[in-house]
Amino acid sequence: MAASVGNGTPLRVVVCDDHALIRSALCLLLTPEEGLEVVGEAASGPEVLPLVDRTQPDVVVLDLHMPQLDGFRCLEQLAERHPRVRIVVLSGSDDEATIDGALRRGAVAYVLKSIDPVDLPAAVRQAVAGCVYQPGALLAAAGMSPSRAAGLSEKEVGVLAELAKGHSNRQIAQTLWLSEQTVKFHLRNVYRKLGVANRTEALRLALDQHLVDAA
């Protein structure tokens, strides 16, 4: 599934959380300006599948602790009936067994509720683009570097690292012995792989996922 509908139409999102305050906050964050649009909300587990049946979203943002039917069971049902819908788990738990359980049941991303709110739209777009978003600790436990999990090449990581130092494209080109056009090419690939729209989002996501170290 592409990271955008392709004609400028925002990705359709269903939000599932039993706390009204969190649902309201998510609706404010996932706006058409971010390339996303909330088309439905569910406050309990049994509401999730009928809502997805009715609204046919591109992505579901799902809390694991849903009343009456927990998030794991919701994941299983969604994966079975709507295999093309991307499911992003938004949870307060960083327990490795919980994260692994969610990913094995069909989630394409596991986002902690401690995430900086401004980074959430990029994380959702990244997941829809097909990049698995996981906390860095889980990747380390699996023996996989975050940059490798994101599909970044060594040169792309190098460009990101220079970006983290606040360098311009010209400075990056001079430091890495590249042309400015090549730097722009690498940055476009980084944006695509991370599911972001610009260098600010790329840097935020890179630091959050420990793809590069802070300057």
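### Quick look at the packing of helix 2 (residues 45–55) against helix 3 (residues 71–81)
Packed helix pairs are specified by the crossing angle of their axes together with the interaxial distance, meaning the distance between the axes.
Phase 1: Orientation of helix 2 relative to helix 3, taken along the N-to-C sense of each, is 20°, at an axis distance of 10 Å. In terms of orientation, helix 2 and helix 3 fall into the roughly parallel class. The interaxial crossing formed by helix 2 with helix 3 has right-handed handedness. Across the interface between the two elements, Gly-45, Val-48, Leu-49, Val-52 and Asp-53 from helix 2 touch Cys-74, Gln-77, Leu-78 and Arg-81 from helix 3.
Phase 2: For the contact of helix 2 with helix 3, the residue count by class is five nonpolar, two polar and two charged.

### With respect to the side chain of His-82
Phase 1: Inspection of the secondary structure assignment puts His-82 in the loop between helix 3 and strand 4 (86–91).
Phase 2: Among the polar contacts listed, one links the side chain of His-82 to the side chain of Asp-53, at a separation of 2.6 Å.
Phase 3: Excluding anything up to four places from it in sequence, His-82 contacts Leu-49, Val-52, Asp-53 and Gln-56.

### Details of the sheet that holds strand 3 (residues 59–62)
Phase 1: Read across the open sheet, the five strands follow the order 2-1-3-4-5; overall the sheet is parallel. Of all strands in the sheet, those bounded by a partner on one side alone are strand 2 (36–42) and strand 5 (109–112). On average, adjacent strands in this sheet sit at an angle of 25° to one another, irrespective of strand direction.

### Some details on the nonpolar core
Phase 1: If you look at the biggest cluster of nonpolar residues, it comprises 22 residues, and the most contacted ones within it are Cys-16, Val-48, Val-60, Leu-62 and Leu-75.
Phase 2: For this core, the secondary-structure elements that each account for two or more residues are strand 1 (11–16), helix 2, strand 3, helix 3, strand 4, helix 4 (96–104) and strand 5.
Phase 3: Setting aside residues no more than four positions away along its own chain, Cys-16 makes contact with Ala-42, Val-48, Val-60, Val-61, Leu-62, Asp-63 and Met-66.
Phase 4: Among the nonpolar cores identified, the runner-up in size contains 20 residues, and Leu-160, Val-190, Val-196 and Val-212 belong to it.

### Here's the deal with the packing of aromatic side chains
Phase 1: Applying the stated criterion across every chain, the model contains zero aromatic pairs.
Phase 2: The residue whose ring lies beneath Arg-105 is Phe-72, and the NZ or CZ to ring-centre distance is 4.4 Å.

### Considering the packing of helix 8 (residues 154–164) against helix 11 (residues 199–208)
Phase 1: Axis separation between helix 8 and helix 11 bottoms out at 10 Å; the angle between their running directions is 100°. As judged from the angle between their axes, helix 8 and helix 11 are roughly perpendicular. For the pair formed by helix 8 and helix 11, the contact residues are Leu-160, Leu-163 and Ala-164 on the first element and Arg-199, Ala-202, Leu-203 and Ala-206 on the second.

### Examining the pattern of salt bridges
Phase 1: The final tally for this structure, using the stated rule, is nine salt bridges.
Phase 2: Residues Lys-113 and Asp-63 are paired through a salt bridge, measuring 3.6 Å at the closest nitrogen-oxygen approach. Pair noted here: Lys-113 is in the loop between strand 5 and helix 5 (120–128) and Asp-63 is in the loop between strand 3 and helix 3, with a separation of 50 residues, a long-range link.
Phase 3: Looking at Asp-63, the relative accessible area reads 4%, which means it is buried.
Phase 4: Here the salt bridges do not stand alone but share partners, grouping Asp-17, Asp-63 and Lys-113 into one network.

### Brief notes about the state of the cysteines
Phase 1: Following the criterion strictly, the structure yields zero disulfides and no others.
Phase 2: With no disulfide partner, Cys-16 has as its closest neighbouring cysteine sulfur the one in Cys-74, 7.1 Å distant.
Phase 3: Residue classification places Cys-16 among the buried residues on the basis of a relative accessible area of 2%.

### A word on unusual backbone geometry
Phase 1: We note that Gln-68 has phi near 75°; this positive angle belongs to a residue other than glycine.
Phase 2: Of note, Gln-68 is situated in the loop between strand 3 and helix 3.
Phase 3: One non-glycine residue, Trp-177, lies in positive phi territory at about 60°.
Phase 4: Looking at where Trp-177 falls in the secondary structure, it is placed in the loop between helix 9 (169–176) and helix 10 (180–194).

### Describing the pairing of strand 3
Phase 1: Neither face of strand 3 is left uncovered, since the one carrying Val-59 and Val-61 and the one carrying Val-60 and Leu-62 both have all their residues buried.
Phase 2: In terms of strand pairing, strand 3 meets strand 4 through four bridges, oriented parallel. Opposite Val-59, over in strand 4, you have Arg-86 as the bridge partner.
Phase 3: Crossover strand 3 to strand 4 through helix 3 is right-handed.

The rules behind the values
- Residues numbered from 1 in each chain as written.
- Predicted model: local features only at pLDDT ≥ 70, side-chain atom pairs only at ≥ 80, totals over all residues.
- Heavy atoms only, no water.
- Axes fitted to C-alpha atoms, helices over the stretch in contact; angles between N-to-C directions.
- Helix = DSSP H or I, 4+ residues; strand = E, 2+ residues; numbered from the N terminus.
- Parallel < 35°, antiparallel > 145°, perpendicular 65-115°, else oblique.
- Left-handed = near helix turned anticlockwise from the far one by under 90°.
- Contact = heavy atoms within 4.5 Å.
- Nonpolar A, V, L, I, M, F, W, Y, C, P; charged D, E, K, R; others polar.
- Polar contact = N/O pair within 3.5 Å; in protein donor to acceptor, adjacent residues only side chain to side chain.
- Pairing = 2+ DSSP bridges.
- Core = buried A, V, L, I, M, F, W, Y, C linked by side-chain atoms within 4.5 Å.
- Buried < 20%, exposed > 50% of the residue type's maximum accessible area, 1.4 Å probe, protein only.
- Phe/Tyr/Trp six-rings, centres within 6.5 Å; stacked < 30°, edge-to-face > 60°.
- Lys NZ or Arg CZ within 6 Å of the ring centre and 35° of its normal.
- Salt bridge = Lys/Arg side-chain N within 4 Å of Asp/Glu carboxyl O.
- Disulfide = S-S within 2.5 Å.
- Right-handed = clockwise from strand over helix to strand, strands pointing away.

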